[in-house]
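Residues per chain, in single letters:
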Amino acid sequence: MSTAHLTLIGKPGCHLCDDARTVVTTVLTDLAAEPGAPQVVLEEKSILDDPELHELYVEDIPVLLINGLVHNYWRIDPVRLHTALLEVR
């Protein structure tokens, strides 16, 4: 079984970040019920705790990475995320 590593980059008090977290959580819950779906490890990082992330993404949060590659900025489309996670090998 494959594993997908998701990184949600945002900051406290960011309403778009809260929305993104909700979408990601819902997709992961739905995905867990599917046979053969990859295991997913979710990590959250704040741009306030990491100067490099702040410099890279201050204007783009929330940012969602899948296995270290940018999947989306600002708003997370649940169908697109679900499909991308099913394609992880």
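Residues numbered from 1 in each chain as written. Predicted model: local features only at pLDDT ≥ 70, side-chain atom pairs only at ≥ 80, totals over all residues. Heavy atoms only, no water.

**Q** Help me understand the packing of aromatic side chains, please; the structure alone is not making it clear to me.
**A** Any two aromatic rings considered together are summarised by their centre-to-centre distance and by the angle between their planes. All chains considered together, the criterion is met by one aromatic pair. Relative to W74, the ring of Y73 has its centre 6.0 Å away and its plane inclined at 45°; by these criteria the two rings are tilted. (Phe/Tyr/Trp six-rings, centres within 6.5 Å; stacked < 30°, edge-to-face > 60°.)

**Q** Whenever I open this one, the sheet that holds strand β2 (residues 39-46) confuses me. Can you help?
**A** Note on sheets: strands pair through backbone hydrogen bonds, and any given pair is parallel or antiparallel. Here we have four strands laid out as an open sheet, ordered β2-β1-β3-β4, and mixed in their pairing. Because the sheet does not close on itself, it has two edges, and the strands there are β2 and β4 (69-73). Each strand of the sheet is rotated relative to its neighbour by a mean of 25°, with strand direction disregarded. Across four bridges, the pairing between strand β1 (residues 3-10) and strand β3 (residues 63-66) is antiparallel. (Pairing = 2+ DSSP bridges. Helix = DSSP H or I, 4+ residues; strand = E, 2+ residues; numbered from the N terminus. Axes fitted to C-alpha atoms, helices over the stretch in contact; angles between N-to-C directions.)

**Q** I keep staring at the nonpolar core and nothing clicks. Help me out?
**A** Within soluble globular proteins, side chains that are nonpolar tend to cluster in buried spots. If you look at the biggest cluster of nonpolar residues, it comprises 16 residues, and the most contacted ones within it are L6, V24, L64, I66, L81 and L85. For L85, the residues in contact, after removing those within four places along its chain, are A4, L6, V27, L28, L31, P38, V40 and I66. Grouped together as the second largest cluster of nonpolar side chains are ten residues, I9, C14, L16 and L53 included. (Core = buried A, V, L, I, M, F, W, Y, C linked by side-chain atoms within 4.5 Å. Buried < 20%, exposed > 50% of the residue type's maximum accessible area, 1.4 Å probe, protein only. Contact = heavy atoms within 4.5 Å.)

**Q** Would you mind going over the pairing of β4 with me for this structure?
**A** In regular strands, side chains alternate between the two faces of the sheet. Taken together, the four bridges between β3 and β4 define a ladder with antiparallel strand orientation. The residue of β4 that forms the bridge with L65 is V70. Between the antiparallel neighbours β3 and β4 lie two residues, among them N67 with a positive phi of about 50°.

**Q** Looking at this structure, how should I read helix α3 (residues 78-86)?
**A** For an α-helix, the turn length of 3.6 residues means that residues three or four places apart are oriented alike. The complete set of buried residues in α3 reads L81, H82, A84 and L85. When α3 is viewed along its axis, its buried side chains cluster within an angular range of 165° and face the same direction. Buried residues belonging to α3 abut β1, α1 (15-32), β2, β3 and β4. Capping the start of α3 is the job of one residue whose side-chain oxygen sits 3.0 Å from the backbone nitrogen of V79: D77. (Arc of directions from axis to C-beta. Polar contact = N/O pair within 3.5 Å; in protein donor to acceptor, adjacent residues only side chain to side chain.)

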